[in-house]
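Descriptive analysis of the structure
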Amino acid sequence: MGYILRRLGQAVVVVLAAFIGAFLLLQALPGDAVSARYENPELGLSAAQIADIRAAYGADDPIWVQFWGTLRGYLAGELGYSLQNGASVSTLLGAALPDTVLLAGIGFAVAVGVAVLVATLATYGPFSWLRSLLRGLPPLFVSIPVFWIGIVLIQVFSFQLGLVPVINASPAQALVLPVIAISIPIAAPLAQILIRSIDATGTEAYVTVSRGRGAGPGWLLTHDVARNAVLPALTIAGVLFGELVGGAVVTEAVFSRPGLGTLTQQAVAARDTPVLQAVVVISAVAYVVINLGVDLLYPVLDPRLRKELRA
């Protein structure tokens, strides 16, 4: 119980640090976001109207007053209003999140499946050339940016082969290429870690004993190797969630998909600081929750940790 409370306390500290960091960085941006948006002559607003808008957003308040007001709003579940269109930030996030969660969830599941398959075949594959080839693929794809993967996929599968339509695609068809694009940069490092972990676990004494008793590769993998080899992969999977969020932003921009990435892109272009602040905090919360879940899963998979926690 003490371990769980400590991890929860650390999670709260991380989210608070992300909130403070995002607030200070957005405040440090040159210029005035409210003025840049509403003092445009094309809007035709009077000075009194602009003053009312600035008062509504608290743009002229001291920075500490703005900070406490924003923090109180977040604690009450009020994320503010967009500078771009005046809509509630909560409403904008509620509309954008389902598409991003769907893309990220399917992409992560595909990445895990591909990583496990590649690591298994790279270690226990039937041919030496296949094992060598698969061991060389993860380092290659780790170095390739997600936007380049997306552009190549569109060029090859949509424009050249015509397998996936760019225009008037069904919901399922519209997910195919973005899922592939976002899953490759996640699968590559996961496969690297799994291969190294399987290799290291395969040299342990208990595996050698099982092998000496006549256990085959399949039995060794499922009974002796997999459970211990997956622990380092769990750690890197939690860390890779941050890349998954960043990859979703880029992927949605490349494929013109609605979602959190597109919302972030529009907010950056419009200097919509309330939306950007909320995106950072939501991303930090999701990152913390994922890593907290990974940390709490460790004792379930490793009996040694259960003994340490009980001690």
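A few points on the structure.

Rules of the game
Residues numbered from 1 in each chain as written. Predicted model: local features only at pLDDT ≥ 70, side-chain atom pairs only at ≥ 80, totals over all residues. Heavy atoms only, no water. Helix = DSSP H or I, 4+ residues; strand = E, 2+ residues; numbered from the N terminus. Buried < 20%, exposed > 50% of the residue type's maximum accessible area, 1.4 Å probe, protein only. Contact = heavy atoms within 4.5 Å. Core = buried A, V, L, I, M, F, W, Y, C linked by side-chain atoms within 4.5 Å. Axes fitted to C-alpha atoms, helices over the stretch in contact; angles between N-to-C directions. Left-handed = near helix turned anticlockwise from the far one by under 90°. Nonpolar A, V, L, I, M, F, W, Y, C, P; charged D, E, K, R; others polar. Phe/Tyr/Trp six-rings, centres within 6.5 Å; stacked < 30°, edge-to-face > 60°. Patch = residues over 30% accessible without salt bridge, like charges linked within 9 Å, V, L, I, M, F, W, Y side chains within 5 Å. Areas by Shrake-Rupley, 256 points an atom, 1.4 Å probe, with all protein chains shown as cover. Salt bridge = Lys/Arg side-chain N within 4 Å of Asp/Glu carboxyl O. Expected span 1.5 Å × (residues − 1).

All right, on to the overall build of the chain then. When its secondary structure is counted, the chain shows 13 helices and zero strands. Listing each helix as α and each strand as β along the chain from the N terminus yields α-α-α-α-α-α-α-α-α-α-α-α-α. Residues classed as buried in the chain amount to 38% of the 311 residues present. Counting only contacts in the chain whose residues sit at least 6 apart along the sequence, the fraction spanning at least 24 positions is 73%.

Core analysis: the biggest nonpolar cluster contains 28 residues, and Ile 186, Leu 190, Ile 198 and Leu 244 have the highest contact counts within it. For this core, the elements supplying multiple residues, two or more each, are helix H5 (89–124), helix H6 (128–142), helix H8 (171–201) and helix H10 (217–254). The contact partners of Leu 244, leaving out residues within four places of it in the chain, are Ala 104, Phe 108, Ile 182 and Ile 186. Formed by 19 residues, the second largest nonpolar core is a distinct cluster that contains Phe 19, Leu 71, Val 89 and Val 275.

Here helix H7 (residues 146–160) crosses H8 at 145°, and the two axes come no closer than 9 Å. Regarding H7 and H8, the two cross each other, and that crossing is right-handed. On H8, the residues that touch Val 146, Ile 149, Gly 150, Leu 153, Ile 154, Phe 157 and Ser 158 of H7 are Leu 177, Ile 180, Ala 181, Ile 182, Ile 184 and Pro 185. Taken together, the residues that form the contact of H7 with H8 break down as 11 nonpolar, two polar and no charged.

All right, on to the packing of aromatic side chains then. Counted according to the given criterion, the structure contains four aromatic pairs. Seen in terms of ring centroids, Phe 23 and Phe 67 are 5.3 Å apart; in terms of plane orientation they differ by 70°. Their pairing is edge-to-face. Of this pair, Phe 23 sits in helix H1 (residues 2–27) while Phe 67 sits in helix H4 (residues 63–75), and the two are 44 residues apart along the sequence. The exposure classification of Phe 23 matches that of Phe 67, with both residues buried. When the ring of Phe 67 is compared with that of Trp 68, the centres are 5.4 Å apart and the planes differ by 75°; the resulting orientation is edge-to-face. For Trp 68, a relative accessible area of 45% puts it in the partly exposed group. Linked through ring pairs, Phe 19, Phe 23, Phe 67, Trp 68 and Tyr 74 together constitute an aromatic cluster.

Position of Thr 251 among the secondary structure elements: in helix H10. With a relative accessible area of 2%, Thr 251 lands in the buried category. Setting aside chain neighbours within four positions, we find Thr 251 in contact with Leu 103, Val 146, Pro 178 and Ile 182.

Among all positions in helix H11 (residues 260–270), only Leu 260, Gly 261, Thr 262, Leu 263, Thr 264 and Ala 267 are buried. Just downstream of H11 lies Arg 271, where phi reads positive at about 55°.

Moving on, we get to a nonpolar patch on the surface. Side chains of Phe 147, Trp 148, Ile 151, Val 152, Val 156, Phe 157, Leu 161 and Leu 163 sit close together on the surface and give an oily, nonpolar patch of about 730 Å² of accessible area. Summarising the element assignment, Leu 161 is placed in the loop between H7 and H8.

End to end, H7 covers 20 Å across 15 residues, agreeing with the expected 21 Å (1.5 Å per residue, within 8%). All of the buried residues in H7 are Val 146, Ile 149, Gly 150, Leu 153, Ile 154 and Ser 158. Immediately downstream of H7, the backbone of Gly 162 shows phi near 70°, a positive value.

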